[in-house]
Amino acid sequence: EPEVTQTPSHQVTQMGQEVILRCVPISNHLYFYWYRQILGQKVEFLVSFYNNEISEKSEIFDDQFSVERPDGSNFTLKIRSTKLEDSAMYFCASSGGGLAQQDTQYFGPGTRLTVL
Amino acid sequence: AQSVTQLGSHVSVSEGALVLLRCNYSSSVPPYLFWYVQYPNQGLQLLLKYTTGATLVKGINGFEAEFKKSETSFHLTKPSAHMSDAAEYFCAVSYSGGYQKVTFGTGTKLQVIP
């Protein structure tokens, strides 16, 4: 069964450094998302992406964040200058494709980002 | 705006007992409703979903949920708990269409006591 994959599974970085989190969505999906989950808290929406542009973003998704689909398969989240409070699990998701899949977002296993 | 409220951050049941995890939603338009499960140190797995049609939906691992519009609820049940059901369960809502953002509840950790 097709699945969303994410790399790396765990990223440790120093405060102020740039990080790029990578995702490979399900191949025929058209909509892509990033969510995050701070330890012990609920999963929060960051951004959605369709047709090579951001379709919606939350107030969390400030100028430090950017997303890109650099080729036909990858979807990336960049944090330009990490802060301690960026430490969280980041989930990529995708949806779309056939009618049966348009109503559901499928999530990857997550990347745990630790900012020191 | 849409929101989800999950009653009970922790629920304990005995193995073999009924599992009932409560979820109430708020949505200004007909919602799409989901339950996701997260096992320790793993990602989010879709358990089941309601989009349109039959209000009782069945998912994986013997779970089911019933959409009750009059009560704005989407409670998750399983007749007989198994040790492997121990996990965190998230109720979630989106506007119609998988291309809309999903709003998650705060989660309920299910403990199964042998």
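Per chain, the residues get numbers from 1 upward, laid out in the order the sequence is written. The order in which chains are written sets their letters, starting at A; the order in which ligands are written sets their numbers, starting at 1. A pLDDT threshold of at least 70 governs which residues receive local features in this predicted model, and a stricter bar of 80 or more applies before side-chain atom pairs are shown or counted, although totals over entire chains, interfaces and linings include all residues. To obtain the side-chain values, all non-hydrogen atoms of the structure were used and water was disregarded.

A. Highlighting the side chain of S48(A). Residues and elements named next belong to chain A. Secondary structure elements follow DSSP: runs of H or I no shorter than four residues count as helices, runs of E no shorter than two count as strands, and numbering proceeds from the N terminus. Topologically, S48 is positioned in strand β5 (residues 43-50). Only 2.8 Å separates the side chain of S48 from the side chain of S55, close enough to count as a polar contact. By the convention used here, residues are in contact when the closest approach between their heavy atoms is within 4.5 Å. Excluding its chain neighbours within four sequence positions, the residues that come into contact with S48 are F32, Y33, E53, I54, S55 and E56. Counted as a polar contact is a pair of N or O atoms within 3.5 Å, where, for protein atoms, one must be capable of donating a hydrogen and the other of accepting one, and residues adjacent in sequence contribute only when both atoms are in side chains.

B. Fine view of the packing of aromatic side chains. Only centres within 6.5 Å qualify two rings of Phe, Tyr or Trp (six-membered ring in Trp) as a pair; their planes then separate them into stacked at under 30 degrees, edge-to-face at over 60, and tilted for everything else. Within this structure, the stated rule accounts for 18 aromatic pairs over all chains. Taking the centre distance of 5.5 Å and the plane angle of 45° together, the rings of F63(B) and Y89(B) count as tilted. Placement of the pair is F63(B) in the loop between β6 (56-58) and β7 (64-68) and Y89(B) in strand β9 (residues 87-95), with a sequence separation of 26 residues. Accessibility expressed as a relative area gives 0% for Y89(B), which makes it buried. Among the aromatic residues, those joined into a ring-pair cluster are Y33(A), Y35(A), F45(A), F91(A), F107(A), F34(B), Y36(B), F90(B) and F104(B). Working definition: with a 1.4 Å probe on protein chains only, accessible area under 20% of the residue-type maximum means buried, over 50% means exposed, and in between means partly exposed.

C. Unusual backbone geometry, seen in detail. Cis geometry is adopted by the peptide bond preceding P8(A), which originates at T7(A) and carries an omega value of -10°. Turning to its location among the elements, P8(A) is positioned in the loop between β1 (5-7) and β2 (10-13). A positive phi angle, close to 65°, is found at N52(A), a residue other than glycine. Mapped onto the secondary structure, N52(A) falls in the loop between β5 and β6 (53-57). One non-glycine residue with positive phi stands out, namely T72(B), at about 45°. Turning to its location among the elements, T72(B) is positioned in the loop between β7 and β8 (73-78).

D. Structural context of the interface of chain B and chain A. Each partner contributes residues to the interface: chain B has 20 residues there, and chain A has 18 residues. The term buried area means the drop in 1.4 Å probe accessible area that two parts suffer when joined, counted for both and summed. Where chain B abuts chain A, roughly 1,600 Å² becomes buried across the two surfaces, and 55% of that area is made up of carbon and sulfur atoms. By convention in these notes, a salt bridge is any Lys or Arg side-chain nitrogen within 4 Å of a carboxyl oxygen on Asp or Glu. Run the count over chain B and chain A and you get one salt bridge. Residue E56(A) is joined to K101(B) by a salt bridge in which the shortest nitrogen-to-oxygen separation is 3.7 Å. Applying the counting rule to chain B against chain A returns four residue pairs in polar contact (both at pLDDT 80 or more). Contributing elements (two or more residues each) for the side of chain B that touches chain A: β4 (31-38) and β5 (44-50) of chain B. Ten residue types, Ala, Val, Leu, Ile, Met, Phe, Trp, Tyr, Cys and Pro, are classed as nonpolar, four, Asp, Glu, Lys and Arg, as charged, and the remainder, Gly among them, as polar. For the side of chain B that touches chain A, the per-class residue count stands at nine nonpolar, nine polar and two charged.

E. Region of the structure containing the state of the cysteines. Working definition: a disulfide is two cysteine sulfur atoms within 2.5 Å of each other. For the coordinates displayed, the defined rule picks out two disulfides over all chains. Each disulfide pairs two cysteine sulfurs, and for C23(A) the partner residue is C92(A), the sulfurs being separated by 1.9 Å. Note on the C23(A) and C92(A) pair: the S-S dihedral is about -65°, so by sign convention the disulfide is left-handed. Here C92(A) lies in strand β9 (residues 88-95) and C23(A) lies in strand β3 (residues 19-24), a separation of 69 residues in the sequence. As far as burial versus exposure is concerned, C23(A) and C92(A) are alike and both buried. A disulfide bridge connects C23(B) with C91(B), and the sulfur atoms are separated by 1.9 Å. Torsion about the S-S bond of the C23(B) and C91(B) cystine: about -65°, corresponding to left-handed handedness. Taken together, the residues span a long stretch of sequence, with C23(B) in strand β3 (residues 19-26) and C91(B) in strand β9 at a distance of 68 residues.

F. Representation of the sheet that holds strand β1 (residues 3-7) of chain B. Residues and elements named next belong to chain B. In space, the five strands of this open sheet follow the order β1-β3-β8-β7-β6, with antiparallel pairing throughout. Each of the sheet's edge strands pairs with one partner strand only, and the pair in question is β1 and β6. Along the sheet, successive strands turn relative to each other by an average axial angle of 20°, direction set aside. Any two strands between which DSSP finds at least two bridges are classified as paired. As paired elements, β6 and β7 share three bridges and run antiparallel to each other. Residue pairing across strands places K58 opposite E64, the latter belonging to β7. The angle between two axes is taken between their N-to-C directions and runs from 0 to 180 degrees, where each axis is a line fitted to C-alpha atoms and a helix contributes only its stretch in contact.

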